[in-house]
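A look at the structure
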Amino acid sequence: MKRVIAIADRAAAVSLKLLVAANILFFLSFLAILLLMGGKARAEVSCGGTDILSALRASDPAAYRKIEAEAAAIPNGKGLLWKLEKPGEKPSYLFGTMHMTDPRVTTLPAAAQKAFDASDTVIIETTEVLDQKKMMAALLEEPDLMMFTDNTTLSSLLSPDDAAAMNKALDARGIPAASVAKMKPWMLSSMVALPACELARKAGGAPVLDVKLAEDAKASGKDVEGLETVAGQLRAMASLPLALHMKDLVDTLKLGDKVNDVNETMIVLYQRGDTGLFWPLFRAAMPAEQDDPAGYAAFEETMITSRNKVMVDHAQPILAKGNAFMAVGALHLPGPQGLVEDFRKAGYTVTAVGL
């Protein structure tokens, strides 16, 4: 494979990781909307964008085949809906979501809709997003998770050139630089790692898939349970090196409208149930000599692997009641330390549905 894949520049690869992060911590989208309400968020409702992998398949078939081969070797890398069975319990289902409002995402596949409709309990990552006032009140008890509480500003952590590039990119998005000067980089990243159309839909009240499922569940009389707290998720993000967050933020701001291509690619892969392709695509797009292997390994360990174990532990008492529909980010499902394997280690028989 070429050392730098022709599908995108380095910024596109970094944006992929930040979009991955936005889809791991779906409550960040809600915080972004609350913070943007005083700004001039653009009102586009059409994202456009080109599927990066389709373009790669045409321009560099060898690189495409290598990514596909790596994805094929990832355990449980195909499928969004999985049946969970354990002796003495009624079966439940595990479903991978994408934390977006796009109609292609929020419309469930037929098999998932059937499992959801028949369930007694719906489990999502955190129920705190269902009450934004309560969520913000809880986070304000730890303001340093969202904002710099000392004299630090985002610009003070950047070179003059990078600070100027950040301000220019913010202005293009209608975000006054002064309004985000004290914001932690992962908060700002939650805004700029998603296309303007997605932010506009959220600002207009369109729910991401997870929240739609929880609201539909409540409306039909189902129990709704959560696995984590928003503060716990933010603490995990905050535990990663600040320098890594800052570099990713600047590169993503420089990306501009190319984020539409990254977004479109992730939606296409999601529709196909190709959850195992996300990380191979990201790794292939990052030239090794420019990468920080330890930093990105820490990202995957902190934001996915460690949280998977917590999710399984917290889900088991709920699943023991039977007939549950557990909906969490699809990136948590595949891999040797993904949720599918973790549930098998916990004594469940886990089988893909609809493949």
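In every chain, residue numbers begin from 1 and rise along the written sequence. Residues qualify for local features only when their pLDDT is at least 70, as the model is predicted, and side-chain atom pairs are given and counted only at 80 or more; totals for whole chains, interfaces and linings, by contrast, use all residues. Computation of side-chain values: all heavy atoms of the structure, hydrogens and water removed.

1. Description of the packing of aromatic side chains
Only Phe, Tyr and Trp rings take part, Trp by its six-membered ring, and two of them pair if their centres are within 6.5 Å. Stacked means planes under 30 degrees apart, edge-to-face means over 60, and tilted covers everything else. Summed over all chains, the structure comprises 3 aromatic pairs. Relative to Y348, the ring of F343 has its centre 5.4 Å away and its plane inclined at 85°; by these criteria the two rings are edge-to-face. Neither residue differs from the other here; F343 and Y348 are each classed as buried. With a 1.4 Å probe rolled over the protein chains alone, any residue whose accessible area is under 20% of its type maximum counts as buried; one over 50% counts as exposed, and the rest are partly exposed.

2. Quick notes on the pattern of salt bridges
Salt bridges are defined as contacts in which a side-chain nitrogen from Lys or Arg sits within 4 Å of a carboxyl oxygen from Asp or Glu. Inspection of the entire model under this criterion finds 13 salt bridges. Salt-bridge contacts for D102 lead to R104; the nearest nitrogen and oxygen are separated by 3.0 Å. A salt bridge links R307 to E228; its shortest N-O distance comes to 2.8 Å. Within this pair, whereas R307 is found in helix α16 (residues 293-319), its partner E228 is found in the loop between β4 (223-226) and α12 (230-238), the two being separated by 79 residues in sequence. Neither R307 nor E228 differs from the other in exposure class; each is buried. Numbered from the N terminus, helices here are DSSP runs of H or I no shorter than four residues, and strands are runs of E no shorter than two.

3. Observations regarding the confidence of the model for the protein
As a per-residue measure, pLDDT reflects the predictor's confidence and takes values from 0 up to 100. For the protein, per-residue confidence averages 82 on the pLDDT scale, and residues scoring 70 or more make up 83% of the total. Working rule for contacts: check all heavy atoms of both residues, and any pair within 4.5 Å makes them a contact. Segment residues 1-16: pLDDT under 50, and 42 contacts once partners within four positions in sequence are set aside and those in other chains are kept. Low pLDDT (under 50) marks residues 36-44, which in the prediction has 19 contacts with non-local residues, meaning those over four places away or in another chain.

4. Overview of the sheet that holds β4
Pairing is mixed across the open sheet formed by 6 strands, whose spatial order is β4-β3-β5-β2-β1-β6. The two strands at the open ends of the sheet, each matched to only one other strand, are β4 and β6 (349-352). Within this sheet the neighbouring strands show an average axis-to-axis angle of 25°, counted without direction. Two strands make a pair as long as DSSP finds a minimum of two bridges between them. As defined by bridge partners, strand β3 (residues 121-124) adjoins strand β5 (residues 324-329) across 3 bridges and the pair is classed as parallel. Note on β5: the bridge partner recorded for T121 is A324. Across the face of the sheet, helix α6 (residues 110-118) comes into contact with β1 (81-85), β2 (92-97), β3 and β5 while running at roughly 130° to β5. Axes here mean lines fitted to C-alpha atoms, for a helix over just the part in contact, with angles spanning 0 to 180 degrees between N-to-C directions.

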